[in-house]
Amino acid sequence: MLTGNWLRYGCHLRGVLAVALLMTAAAAVHGASTTTAPGTNQETNAPHEDGQWTQPGKDYQNTRYSGLDQINTENVKNLKVSWEFSLGVNRGQEAPPIVVGSTMYVVTPYPNYCYALDIDKAIKGENPLKWKYDPKTEAAAQGVACCDHVNRGCFYDDGKIYFNTLDVHTCCVDARTGKEIWKTKLGDINSGESITMAPLVVKGKVLVGNSGGEFGVRGWLTALDQNDGHIVWRAYSTGPDSDCLIGSQFKPFYDWLKGKDLGVKSWPADHWKIGGGTVWGWVTYDPDLDLIYYGTANPGSWNPELRPGDNQWSATIFARDPDTGQAHWAYQVNPHDLYDHDEINENIILDLPVDGKDRKVIIHPGRNGYIYIIDRGTGEVLSATPYIRNTAAKGVDLKTGRLIPNPEKAPQVGKVIRDIEPASPGAKDWQPCAWSPRTKLLYIPHQNLACDYEAVDTGYIAGTPYVGVNETMYAGAEDPAHLGFYDAFDPVAKKIVWRIKEKFLCWSGTCVTAGDVAFYGTMDGYFKAIDARPDQGGKELWKFKVASGIVGQPTTFKGPDGKQYVAILSGVGGWAGALVSGDLDVRDPTGALGFVNAVKELPKYTTKGGVLYVFGLP
Amino acid sequence: MKRLNRFPLAALAIAMPLAVWSCKREERSFRVQPPAADTTDKVIVSKLRAGQMMATTTQRAATEPSGGPIAPPPPGIAPASKPSAGLVHNGYEENAYAVGEGNRLYLAYNCVGCHFHGGGGIGPPLMDDTWIYGSNPEQIFATIVEGRPNGMPSFRGKIVDYQVWQIVAYVRSMSGMLSKDVAPGRDDHMAGAPPPNSMRYQPPQWSTVGTIR
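These lines cover the structure that appears in this document, whether it is placed above or below.

Parameters and conventions
Residues numbered from 1 in each chain as written. Chains lettered and ligands numbered in written order. Predicted model: local features only at pLDDT ≥ 70, side-chain atom pairs only at ≥ 80, totals over all residues. Heavy atoms only, no water. Helix = DSSP H or I, 4+ residues; strand = E, 2+ residues; numbered from the N terminus. Buried < 20%, exposed > 50% of the residue type's maximum accessible area, 1.4 Å probe, protein only. Contact = heavy atoms within 4.5 Å. Areas by Shrake-Rupley, 256 points an atom, 1.4 Å probe, with all protein chains shown as cover. Axes fitted to C-alpha atoms, helices over the stretch in contact; angles between N-to-C directions. Parallel < 35°, antiparallel > 145°, perpendicular 65-115°, else oblique. Left-handed = near helix turned anticlockwise from the far one by under 90°. Pairing = 2+ DSSP bridges. Core = buried A, V, L, I, M, F, W, Y, C linked by side-chain atoms within 4.5 Å.

Moving on, we get to the overall build of chain B. Scanning chain B from terminus to terminus reveals 5 helices and 1 strand. Going from the N terminus to the C terminus, chain B shows its helices and strands as α-β-α-α-α-α. A total of 213 residues make up chain B; the buried ones form 46% of that total. The contacts of chain B with a sequence gap of at least 6 include a subset with a gap of at least 24, amounting to 71%. Total accessible area on chain B stands at roughly 11600 Å², and carbon and sulfur atoms take up 61% of it.

Residue and element names in this part refer to chain B. Here helix α4 (residues 137-146) crosses helix α5 (residues 161-174) at 120 degrees, and the two axes come no closer than 9 Å. Here α4 is positioned oblique relative to α5, judged by the angle of their axes. Between α4 and α5 the crossing geometry is right-handed. Contacts between α4 and α5 involve P137, E138, I140, F141, I144 and V145 on the former and, on the latter, D161, V164, W165, I167, V168, V171 and R172.

This part covers the sheet that holds strand β6 (residues 129-133) of chain A. All names here are of chain A. Judged by pairing direction, the sheet is antiparallel, and its 4 strands sit side by side in the order β3-β4-β5-β6 without closing on themselves. Every other strand in the sheet has two partners, leaving β3 (98-100) and β6 as the edge strands with one partner each. Strand-to-strand twist across the sheet, computed as the mean angle between neighbouring axes with direction ignored, equals 20 degrees. The pairing of strand β4 (residues 103-107) with strand β5 (residues 114-118) spans 5 bridges and is antiparallel. Residue pairing across strands places V106 opposite Y115, the latter belonging to β5.

Attention shifts here to the nonpolar core. One broad rule of soluble globular proteins: the nonpolar side chains tend to lie buried together. Residues L207, I292, W313, Y331 and Y372 of chain A are the most contacted members of the largest nonpolar core, which totals 67 residues. Core analysis: the second largest hydrophobic core is formed by 43 residues, W430, F504, L505 and L579 of chain A among them.

Listed below in structure tokens is the structure:
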């Protein structure tokens with residue numbers, strides 16, 4: 001009894017002390033963060049480096065470039081594990097570790113725990129857990145998650161953490177205390193909706209899009225008020241112009257994208273209501289033009305015979321006014337998409353010389369196999385450069401802006417079409433690129449995937465998949481031994497400067513630093529540092545074997561001790577790793593929408609996991 | 001002579017049972033009685049419910065919803081044959097046509113969208129011996145009708161009971177739980193998982209078995 005009491009008192013005292021310490025630390029963090037809140041230093045392509053990583057893309061342009069240079073090409077080989085943290089969830093870990101002051105924030109896959117970790121304590125080998133927020137995500141939401149239960153991260157702004165949950169909610173949590181400030185329901189799992197994307201917070205709005213393109217969901221991007229979470233506007237991706245927030249400001253560059261209610265007319269009757277075009281990727285913001293950019297996903301169903309027409313505005317890049325949501329321009333990357341080529345990939349905001357003239361552009365490494373450079377003021381396609389062997393399309397007509405599909409590879413009901421490349425996950429999926437203003441190169445983790453594709457009849461039942469395709473994937477003929485490519489792309493010369501090949505897909509994001517080091521992870525569980533310079537051929541400088549395969553987003557930051565660190569989540573999964581994270585059976589090559597066939601060796605290389613790793617120099 | 005006689009006799013003694021055994025074929029009863037559905041209650045365990053259906057093909061309505069409550073079995077038909085494991089005897093499991101119908105319905109009700117051709121994806125695999133909510137016919141029936149909390153939608157009121165029992169028969173065939181003589185029809189689609197009746201009832205397979213392309 002006595003011992004017990006003593007223990008309890010001891011705990012209590014320690015608790016009080018901890019709380020006091022936490023409060024001081026949090027106050028320090030808060031003080032630091034208010035002066036460096038995102039939005040204050042985003043005007044240039046190379047912002048002042050504050051050593052933090054407050055949003056998944058690092059900055060509104062989504063460069064994923066850090067100005068830190070302590071870790072460089074010479075000393076990166078000395079990197080050691082500084083600390084680890086178990087996330088308690090063994091599903092695909094696609095989120096980036098977000099760093100604000102001396103606190104790190106991490107969101108897990110379903111059930112979408114959010115952790116705040118004290119970096120100072122972690123470095124000293126003490127318990128880093130400050131708080132854990134559990135949004136009580138509805139378990140049934142797992143049934144509408146097409147591609148594992150992933151979450152792509154949280155966003156810090158003005159003392160608050162914003163993130164989304166699989167059961168279609170957006171949460172706002174006090175960054176100091178982990179207390180819920182507001183939580184808004186944005187949709188219904190019974191319509192097949194879910195959310196996996198990381199929100200973008202800009203000009204007082206939290207921008208959130210839905211997932212569920214494999215469930216005949218009607219896609220949207222929604223703006224919530226940053227302070228109280230009420231819905232300010234919602235822009236649908238299909239339906240009448242009034243729903244799509246297409247009005248007088250809408251000036252698409254190409255004539256075929258002009259006309260009233262294309263979001264209705266380009267579909268069979270009423271099909272736009274189940275037409276997909278979800279928004280589960282990245283949103284970027286250009287303060288100069290005051291426009292946001294994002295891409296919409298595939299049309300529903302995958303079987304294209306069920307939806308004759310261009311199927312606007314699926315597989316489309318939109319430019320919108322963040323205050324009103326009104327569309328300024330749209331460019332449909334894949335009219336009448338044939339292969340589940342979502343175009344939700346990031347639109348990195350850069351100012352580049354194009355044919356000798358300085359242009360304000362976005363770079364969009366497309367799922368359809370082309371790297372697009374688009375004038376971000378007008379929506380004009382300036383170039384579309386192939387970065388993978390392509391049998392599905394013959395190119396992009398730069399006069400009309402239209403993709404030229406290969407009729408020989410068009411899916412047909414009841415017929416198996418073989419060797420379609422890129423396969424459904426495209427030349428590149430969600431995994432975000434990085435841009436270095438030093439090397440002027442874009443670092444693209446992506447994949448080498450082809451597929452066999454059979455369209456089959458299917459009917460829509462709300463809350464169940466609406467796909468209508470049997471698919472099996474395999475490595476593309478360019479290199480049947482490698483599923484993963486990691487490219488350094490020169491957008492001015494429009495050529496791939498060097499390429500790294502991996503046995504499995506490069507399904508992790510990447511980041512690059514002023515030390516000219518780029519980081520990424522592999523699905524068989526290596527975290528790697530690469531020489532980012534153009535003349536080094538993508539030389540591997542260092543690698544470390546982590547517990548489970550990597551599908552996350554590396555970040556780098558300056559710790560409270562003034563040293564640079566690199567962080568990554570280990571934990572295989574996502575669509576590419578669902579075979580392992582979902583305990584699927586390898587005997588069915590069509591499993592996980594055909595991905596099982598491509599990665600059937602993966603279970604020999606990795607098991608499930610969920611661990612945060614932070615590396616530093618000794 | 002005696003020796004000569006003995007050989008064919010012995011051969012006959014071996015051949016006869018063999019012949020009889022190999023003659024075992026599907027005992028088809030033409031009126032299969034679906035099991036009573038009251039083995040399940042009206043509780044929906046899942047928050048997810050299959051909802052509104054929309055025909056999207058020009059050829060046919062994709063689904064045939066019953067829309068009604070669980071129907072009692074038609075009266076006056078004697079059980080077809082010997083009971084299978086579990087509480088309920090699902091006569092459809094001895095009828096190749098019914099298993100084939102189960103396959104067709106498995107596609108039409110989008111089961112394939114989550115479980116694919118047995119390997120799983122959004123939902124767990126159905127071709128191995130791992131069963132979270134039980135592999136007996138009445139357990140699978142209940143799973144389909146009630147839904148399950150981790151994402152399996154409830155199809156209550158969406159599929160008529162006899163069709164659910166046909167789907168149950170097909171689902172059990174995927175892991176080789178049905179008699180080999182109930183051979184389903186040829187699948188004309190892309191070569192996917194091995195045909196249901198060639199499956200062994202065995203643990204999940206995570207490493208490569210052969211090369212399937």
